[in-house]
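An overview of the molecular structure
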Amino acid sequence: MKDTKKVSRRAFLRRSTKWTAVAVAAPYFVPSSAFGANDRVGIAYIGLGRRARQLMKLPRKTEVVACSDIYEKRMKAFCASRFGRKAKAYADYRELLEDKNVDGIITASPDHWHALVSIHACQAGKDVYVEKPMTVTVEEGRVMVTAARKYNRIVQVGSQQRSTVENQVACELIRQGVLGKIKVIHGANFPSPWECELPAEEVPEGLDWERWLGPTPPRPYHTDLYLPRAEERRDDKGRRLGWISFRTWSGGEMTGWGAHGLDQMQCALGMDETGPVEVWPELEGWKGPEKWPEGASLTCPVSFRYADGTLVKLDGKGAGGGGIFVGEKGTINLGRGKFSLEPLDLVEEKVRKKKTFGDPTAIHIANWVKCMRTRELSVADVAIGHRSTTMCHLGNIARWTGRRLKWDPEREIFPDDKEANALLSRPMREPWTLPKLS
C-alpha cells in the first residue's frame, strides 16, 4: 500500500466541496479503474458482534484474511462461515495487527474499545474503518486524529450518511445558502448514559470478560451489560439496558444516534473542522442537577451556539439522523436518506429527487477501500468524526455539570472551567492506556 499524501487544510476543503458537488449531480460509485488488476486488499475484523455483521458487504477485490473477538464461540462461527472461511483467528487483536496479510481493519467493538483498537492499528501500519461513535472522551478523539496523521493512515468513521446521496444533497443545499442564513436547527433529544447497577452473572464459557472490560474498571459480567441493546430489555424505570446505555462504556444515545444527527448538522453548516462555542442544558426553573426531577439530567433538552449565532436545540423536534434546519428563506427537514423542503420552489425537482442506489453502508465501506488505494482522505475522515463526536460529548458534559459552558473549539477546552475540563478525559486501566503521540 502507498503512503498517505500530505493534504493541506485548504486542499482538503476544496476537494470536499468538489466531491459533494459531484454527489449532488450523480450517485456515488467506485469505478473499477480505481483498483489494480490483481491487487487485493486484505481486510480483518476486530469485534464480530451485531454491528460487525452489518459491515460485511465488501467491494470487489477485497479478501477477509483475519478476525479477532473476545468470545471464542463467535469467532469460530465466523471462521466456519463462507464469508470468513479464509480468515485466521486471533484471540488477541494485537497479534492480528502483526499479520502482514492485513492491509486494513474494520472494528465494530463496543465504544470503549474504538480508540485503542484504531490507534494501535495505525501504529501497526493498518488503515481503519471504525464504527461510530469514534470515542467515549474528547481526548481519545484527538489522539486518534494524531495517530492517523502521524502514521499516514486512512481512518474512516462509520457515519454512512456521508455516503447517502439524499443527505449529501440536503447538506450541500444548506451550505450553498438555499435557505439563507440558518437561524436554528431542531434535533432529537438523545438521552445521556447512566451508571450500571446490574448484579453479577456467570460468564459464558469461552468469553474473555476481562478482555471485554479492557481499559474500564473491573466489574461482574451480566448479559444485559455485554449485549449492546440487551434485546430491548429495560430496567424498572423503563430505561433500555445494554452497554450503549451505561456511562462507563458509552456516551448513551447522545453518542449513539447523536453521532449521526450532530454529524449531519456539522456537515450542513460547513463546520467539519471546528464546532460550537457554547453549550447548555435546558430545564425551566432548574437550579443545578442536585435539584432536578428524577431523570432530568439524562433527558433534559440541550442547546448549542456557534460563533456565527446559529443555534442547535436538541429539543425532540427533529429526526435522530438529521434535524430541522430553519433558515431565513425556508426549512429543510432532514432524516436518514430523506429530506423535505419548504417552500418547494427553492430548488428544482430533479435536485430534490436524487437517490442513493445500493446499501449506504456498503457504499461507505467502498469509499474507505478506494481511499486505501488512492491515499486520499475519505468522505468521513477521522478528523470529521472527531469533531462530530466531540459535539456529542459536549452535550453530555453540559448535562453532567448542569450549567452553561463556554467551549473553545480550537484548543478543545472549556476556558477557565476545571470541573468541565476534567470530563474531557478519564482514567484508563493498565495496560490499556492511550499512547502519548506528538
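Structural data are supplied above this passage.
Below is a summary of the structure that appears in this document. (Residues numbered from 1 in each chain as written. Predicted model: local features only at pLDDT ≥ 70, side-chain atom pairs only at ≥ 80, totals over all residues. Heavy atoms only, no water.)

Structural notes on the environment of W400
Among the structural elements, W400 can be located in helix α14 (residues 382-401). W400 sits in the partly exposed class, given a relative accessible area of 24%. For the pair W400 and S297, spaced 103 residues apart in the sequence, the C-alpha separation amounts to 6.7 Å. (Helix = DSSP H or I, 4+ residues; strand = E, 2+ residues; numbered from the N terminus. Buried < 20%, exposed > 50% of the residue type's maximum accessible area, 1.4 Å probe, protein only.)

Details of the sheet that holds strand β8 (residues 278-281)
If you walk across this open sheet you meet the 8 strands as β13-β12-β11-β7-β10-β9-β8-β14, and the pairing is mixed. Of all the strands in the sheet, the pair left with one neighbour each is β13 (338-342) and β14 (405-406). Looking at chain direction, strand β12 (residues 331-335) and β13 are connected through 5 bridges and run antiparallel. Counterpart to G335 in the pairing with β13 is K338. Relative to strand β10 (residues 311-314), helix α10 (residues 258-268) is tilted by about 165 degrees, and along the sheet it contacts β7 (182-187), β10, β11 (323-327) and β12. (Pairing = 2+ DSSP bridges. Contact = heavy atoms within 4.5 Å. Axes fitted to C-alpha atoms, helices over the stretch in contact; angles between N-to-C directions.)

Considering the sheet that holds strand β4 (residues 104-107)
Read from one edge of the open sheet, 6 strands run β3-β2-β1-β4-β5-β6, paired in parallel fashion. Each edge of the open sheet is held by one strand with a lone partner, namely β3 (88-90) and β6 (155-157). Ignoring which end each strand starts from, the neighbouring axes of this sheet average 20 degrees apart. Sitting on the sheet, helix α3 (residues 72-80) is in contact with β1 (41-46), β2 (62-68) and β3, with an inclination near 160 degrees to β2.

What to know about the pattern of salt bridges
Per the counting criterion, the structure on display carries 33 salt bridges. Two residues, R211 and D92, come together in a salt bridge whose shortest N-O distance is 3.8 Å. Placement of R211 in helix α8 (residues 209-213) and of D92 in the loop between β3 and α4 (93-96) is noted, with a sequence separation of 119 residues between them. By relative accessible area, which is 13% here, D92 ends up buried. A salt bridge links R240 to E253; the shortest N-O distance between them is 3.7 Å. One end of the pair, R240, is in the loop between α9 (223-226) and α10; the other, E253, is in the loop between α9 and α10, with 13 residues separating them in the sequence. Assessed through its relative accessible area of 25%, R240 is described here as partly exposed. Several salt bridges converge on common partners, so that one network encompasses R229, E232, R240 and E253. (Salt bridge = Lys/Arg side-chain N within 4 Å of Asp/Glu carboxyl O.)

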